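A look at the structure
If you want the building blocks of each chain, they are given just below.
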Amino acid sequence: MSRLQATFKRLQQEGRKALIPYATAGYPYADITPALMHVLVEAGADVIELGVPFSDPSADGPTIQAASERALQQGIGLPQVLEQVRQFRQSDTTTPVVLMGYANPIERYDQIRQSGAFAADAAAAGVDGVLVVDYPPEVAGGLGAQLRQHGIDLIFLLAQTSTERRIRQVAERASGYVYCVSIKGVTGAKTLDIDQVKATLARIRQHVRIPVGVGFGIRDAHTARQIAQVADAVVIGSWLIERLDGKPAADALAAASDLIRSVRRQLELDVPEQTSGPKTKNAKP
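The name an unreviewed UniProt entry gives the protein is Tryptophan synthase alpha chain, with Pseudomonas putida as the organism. The record held by UniProt for the protein lists under Subunit (unreviewed entry) the comment "Tetramer of two alpha and two beta chains." Of the protein, the UniProt comment under Pathway (unreviewed entry) reads exactly: "Amino-acid biosynthesis; L-tryptophan biosynthesis; L-tryptophan from chorismate: step 5/5."

Following this line, the structure appears as structure tokens:
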């Protein structure tokens, strides 16, 4: 059983929902990422989404675009991201890590090395899942096969605008979980409609049998709780990135911890009484 499968199974047994923070690798400082990942786990994160910096992140709003640009300026690319995951894995062997990004860095990585190098190196580093924003299911077959060979899940996006055909395609190819985009727009937008999210999830679950997480537009703990009541996972991205901006490293880590703890507390309000004891923490060797 993969780390993602094990995590979602445990959470389901406990009556809990997954909390998935997104951090841009190398932001706000080039060397902060492994420590930030540990802080997020200690604060209550169940899965870490790690953004691979890219110069043209078309699905991302100004906050994550700026974070990606700064990380690139500090020399953080895909090889450095894999090294950061390796560092994280030295003391955390259980928390799932998902890389989220775009096709260009992955294709360039393989072009420089050899076909399949990314999948092999990601697995060796300890990556559990990959979400490529601009790889729809009809063009992701090659990467999907390479990732499956190394036990890595390929995660896809769905949205309220997704057709029934697209939802069925994703249901056939996705593993780990499906990422539901809650809004029409880019990350960080402030127009999330809970009723629309519910309707979209209902359509998705007619075909998708793996967990479904919701992200984009979640900017407060109350909204996160509302999403958790209808989804299997809540993804926090731009809101977290904004809390890190302009702070010294120690203050940035503290701010990240405070935010994720506040969201975790809200999510725990809906945990059934019989499972409301201390959460089983990710084991550290």
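1. Brief notes about helix 3 (residues 62–73)
In this model, helix 3 (twelve residues) spans 16 Å end to end at C-alpha, consistent with the 16 Å of a helix rising 1.5 Å per residue. For helix 3, the set of buried residues is Ile64, Ala67, Ser68 and Ala71. Within helix 3, the buried residues cover an arc of 100° as seen down the axis, which keeps them to one side. Within helix 3, the exposed residues directed more than 90 degrees away from the buried face are Pro62 and Gln73. The elements touched by buried residues of helix 3 are strand 1 (18–24) and helix 11 (238–244). Remark: Gly75 follows helix 3 within two positions and exhibits a positive phi of approximately 85°.

2. A short note on the packing of helix 2 (residues 33–43) against helix 4 (residues 78–89)
Where helix 2 meets helix 4, the closest approach of the two axes is 8 Å, and the angle between their N-to-C directions is 50°. Taken together, the axes of helix 2 and helix 4 lie oblique to each other. Considering the relative orientation of helix 2 and helix 4, their crossing is right-handed. Contacts between helix 2 and helix 4 involve Thr33, Pro34, Met37, His38 and Val41 on the former and, on the latter, Gln84, Gln87 and Phe88. Within the contact of helix 2 with helix 4, the residues separate by chemical class into four nonpolar, four polar and no charged.

3. Quick word on the UniProt feature "active site" (unreviewed entry) in the protein
In the numbering used here, UniProt assigns the "active site" (unreviewed entry) feature to Glu49 and Asp60. One can find Glu49 in strand 2 (residues 48–51). Among the residues examined, Glu49 registers a relative accessible area of 0% and is labelled buried. Once residues within four sequence positions are removed from consideration, Glu49 is found in contact with Ile20, Pro21, Tyr22, Ala23, Val98, Met100, Tyr177, Tyr179 and Val235. Relative to the helices and strands, Asp60 is located in the loop between strand 2 and helix 3. A residue is classified by how much of its surface remains accessible, and Asp60, at 9% relative accessible area, is buried.

4. Side note on the sheet that holds strand 1
Read across the open sheet, the nine strands follow the order 5-4-3-2-1-9-8-7-6; overall the sheet is parallel. The two strands at the open ends of the sheet, each matched to only one other strand, are strand 5 (153–155) and strand 6 (157–159). Direction aside, the axes of adjacent strands within the sheet are offset by 25° on average. Sheet topology places strand 2 next to strand 3 (residues 97–101); four bridges connect them, and they run parallel. In the sheet register, Ile48 faces strand 3, and the bridge partner there is Val97. Relative to strand 6, helix 8 (residues 164–173) is tilted by about 155°, and along the sheet it contacts strand 5, strand 6 and strand 7 (178–181).

5. A short note on the nonpolar core
Formed by 96 residues in total, the largest nonpolar core has its most connected members in Leu99, Phe118, Ile227 and Ile236. By residue number, the principal contributor to this core is helix 12 (residues 249–268), which donates seven residues. Ignoring sequence-local partners within four residues, the contact set of Ile227 consists of Leu192, Ile194, Val197, Val214, Ile218, Ala233 and Val234.

6. Considering helix 12
With 20 residues, helix 12 extends 29 Å from end C-alpha to end C-alpha; this agrees with the ideal 28 Å at 1.5 Å per step. Among the residues of helix 12, Ala252, Leu253, Ala255, Ala256, Ser257, Leu259, Ile260, Val263, Arg264 and Leu267 are the ones counted as buried. In the core, the buried residues of helix 12 are packed alongside strand 1, helix 2, helix 10 (221–228), strand 9 (233–236) and helix 11.

The rules behind the values
Residues numbered from 1 in each chain as written. Predicted model: local features only at pLDDT ≥ 70, side-chain atom pairs only at ≥ 80, totals over all residues. Heavy atoms only, no water. UniProt positions renumbered as here; feature names shortened; annotations may be inferred. Helix = DSSP H or I, 4+ residues; strand = E, 2+ residues; numbered from the N terminus. Expected span 1.5 Å × (residues − 1). Buried < 20%, exposed > 50% of the residue type's maximum accessible area, 1.4 Å probe, protein only. Arc of directions from axis to C-beta. Contact = heavy atoms within 4.5 Å. Axes fitted to C-alpha atoms, helices over the stretch in contact; angles between N-to-C directions. Parallel < 35°, antiparallel > 145°, perpendicular 65-115°, else oblique. Left-handed = near helix turned anticlockwise from the far one by under 90°. Nonpolar A, V, L, I, M, F, W, Y, C, P; charged D, E, K, R; others polar. Pairing = 2+ DSSP bridges. Core = buried A, V, L, I, M, F, W, Y, C linked by side-chain atoms within 4.5 Å.

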